[in-house]
Amino acid sequence: MKLAMFSTQAYDVKYFEHIHGTKFTSKFELTFHPIRLTTDTALLAKDATAVCIFVNDVLGADVLRQLHSYGVRAVLLRCAGYNGVDLEAAQDLGMLVANVPGYSPESIAEFAVAQIQTLNRKTHRAFNRVRESNFSLNGLVGFTLHGKTVGIIGTGRIGVACAKILHGFGCRLLAYDPYPNEVFKQYGEFTDLDSLLAQSDIVSLHCPLMPNTKHLVNEKFLNSMKKGAMLVNTSRGGLIETKAVIAALKSNQLGSLALDVYEGEESVFYGDHSGEVIADDLLMRLLSFPNALVCGHQAFLTEESLQEIATTTLQTMDDLIEGRTCQHALTKVPKS
Ligand code: NAI
């Protein structure tokens, strides 16, 4: 039995090999492929029982059919978001798709707050200045977080973890979610989206990317925000229409922008392109703003998350080959 892993980085190999070595060596083997899983690379999964993919592997019906013809029975996502996999096509093929939900919501929430405070207090700029012996404070004025209103869009595991931290900072919290989570009410109040946008000094996105949330942040959304407010996205790039956000930054309607994800990230994130000319003009424009902070989809990247992701993914593989019910299945598959 084999689990073929794609889009692997050195830290994936380290954590997966460690957990695999403690429990699963006699059950199945692991193969690591640093490249993405596409129709061109799917052959590497021939004879594997399952493939394991990450956030930017896009598995449409074509790749899934190809994998199925090679004998692959399951797609294991080593992440929470599953917007990259055509679940309907997988279901039709009888393939199991499983993810790792809630591996460490605090790791993402803590990163969102780190981005808020970096952007607000401009520590990234101060760090660079001081290295050049420039101790001027001009242009580094931030605001006190205490007493500010933060709007949380999506009160799932990460949204609530974020609310809990910001409540500790003394922020007033508002939230919008079509399926409100009672736990949030300990920290703030639910409201409609327009009212949240009109009142919030900071808006943080924690909802999934789905057809109805794609480009949730568009011109109308941005114009409904309080002028000069901050927008934070640690969820999925496709939630934001990049052109609209660039226009809002240029007109000063949007005060600042923190991104851990970007809608065109597939072609650049997770690779070193420092010696290349990047063709994505929208990304390069975003990077040019002094009031925008862009990170390369790293909110999940803590030791605790990596350990939990490897443990859960390998447990799902074990459940699959032992014929047990997979706890995190996203498709319904008859037991083999
Ligand atoms: P979750 O499933 O626990 O919560 C998502 C919440 O969003 C739910 O309460 C849902 O009702 C709500 N929601 C759905 N549609 C909405 C809408 N139109 N407006 C407002 N809320 C809406 O998910 P969790 O674990 O909190 O993760 C949230 C997202 O964070 C994931 O979908 C994933 O895309 C992203 N993520 C990013 C990571 C990173 O490294 N940057 C790591 C892990 C997750």
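Each value, and the rule that gives it
- Residues take numbers from 1 onward in each chain, read along the sequence in its written order.
- The predicted origin of the model limits local features to residues at a pLDDT of at least 70 and limits the giving and counting of side-chain atom pairs to 80 or more, whereas totals for whole chains, interfaces and linings rest on all residues.
- Only hydrogens and water are set aside when side-chain values are computed; all heavy atoms of the structure are taken into account.
- Numbering of helices and strands starts at the N terminus; helices are DSSP runs of H or I of at least 4 residues and strands are runs of E of at least 2.
- Summary of the burial criterion: residues with accessible area below 20% of their type's maximum are buried, those above 50% are exposed, and those between are partly exposed, where the area comes from a 1.4 Å probe applied to protein chains only.
- A clockwise course of the path from the first strand over the helix to the second, judged with the strands pointing away from the viewer, identifies a crossover as right-handed.
- Whether two strands pair comes down to DSSP finding at least two bridges between them.
- Here a polar contact means two N or O atoms within 3.5 Å. Within protein one must be a hydrogen donor candidate and the other an acceptor candidate, and residues neighboring in sequence count only if both atoms are side-chain atoms.
- Whether two residues are in contact is decided by their heavy atoms, any of which lying within 4.5 Å being enough.
- Only the six-membered ring of Trp is used, alongside the rings of Phe and Tyr, when aromatic pairs are assigned; centres must lie within 6.5 Å, and planes under 30 degrees apart are stacked while those over 60 apart are edge-to-face, with the rest tilted.
- Should the NZ of a Lys or the CZ of an Arg lie within 6 Å of a ring centre and within 35 degrees of the ring normal, that charge is described as sitting over the ring.
- Only heavy atoms are used to decide nearness, and a residue is near a molecule or strand if one of them lies within 4 Å of it.
- Calculation of accessible area relied on Shrake-Rupley with a 1.4 Å probe; when residues are assessed, cover is drawn exclusively from the protein chains displayed.
- Under the grouping applied here, Gly and all other residues not named as nonpolar or charged are polar, the nonpolar ones being Ala, Val, Leu, Ile, Met, Phe, Trp, Tyr, Cys and Pro and the charged ones Asp, Glu, Lys and Arg.

Notably, serine 7 is not glycine yet its phi reads approximately 55 degrees, a positive angle. Within the secondary structure layout, serine 7 lies in the loop between strand E1 (2-6) and helix H1 (10-23). Residue class for serine 7 comes out buried when judged on its relative accessible area of 13%. In this structure, tyrosine 270 takes a positive phi of about 75 degrees despite not being glycine. Here tyrosine 270 lies in the loop between strand E11 (254-259) and helix H10 (281-287).

On to the pairing of strand E10 (residues 229-233), then. Of all five residues in E10, five are buried; the element is thus mostly enclosed. Residues Ala229, Leu231 and Asn233 point to one face of E10 and Met230 and Val232 to the other, with burial holding for every one of them. In terms of handedness, the path from strand E9 (residues 202-205) via helix H8 (residues 219-224) over to E10 forms a crossover that is right-handed. Judged from the five bridges that link them, E10 and E11 form a sheet pairing that is parallel. From the neighbouring strand, asparagine 233 faces E11, where its bridge partner is leucine 259.

Turning our attention to the side chain of histidine 206. Summarising the element assignment, histidine 206 is placed in the loop between E9 and H8. Look at histidine 206 and you get buried, because its relative accessible area is 10%. Engagement of the side chain of histidine 206 in a polar contact is seen with the side chain of serine 204, the distance being 2.8 Å. In this view, histidine 206 contacts Ala112, Ile152, Ile153, Gly154, Ile158, Gly159, Cys162, Thr234 and Ser235; residues no more than four positions away in its chain are not counted.

Under the counting rule described, the total for this entry stands at four aromatic pairs. Here the aromatic residues Phe54, Tyr270 and Phe300 are joined through ring pairs into a cluster of three or more. Over the aromatic face of phenylalanine 289 sits the side chain of arginine 285, whose NZ or CZ is 4.3 Å from the ring centroid.

All right, on to the site of the ligand then. Around the ligand, a shell composed of 24 residues is seen, among which Arg157, Ile158, Asp177, Thr234 and Asp260 lie nearest. Here an oxygen atom of the ligand sits 3.4 Å away from a polar atom, N or O, in the side chain of arginine 236. A distance of 3.2 Å separates an oxygen atom of the ligand from a polar atom in the backbone of phenylalanine 300. Alone, the ligand offers 870 Å² of accessible surface; in the complex the protein occludes 88% of this. Per-class residue counts for the shell around the ligand are 12 nonpolar, eight polar and four charged.

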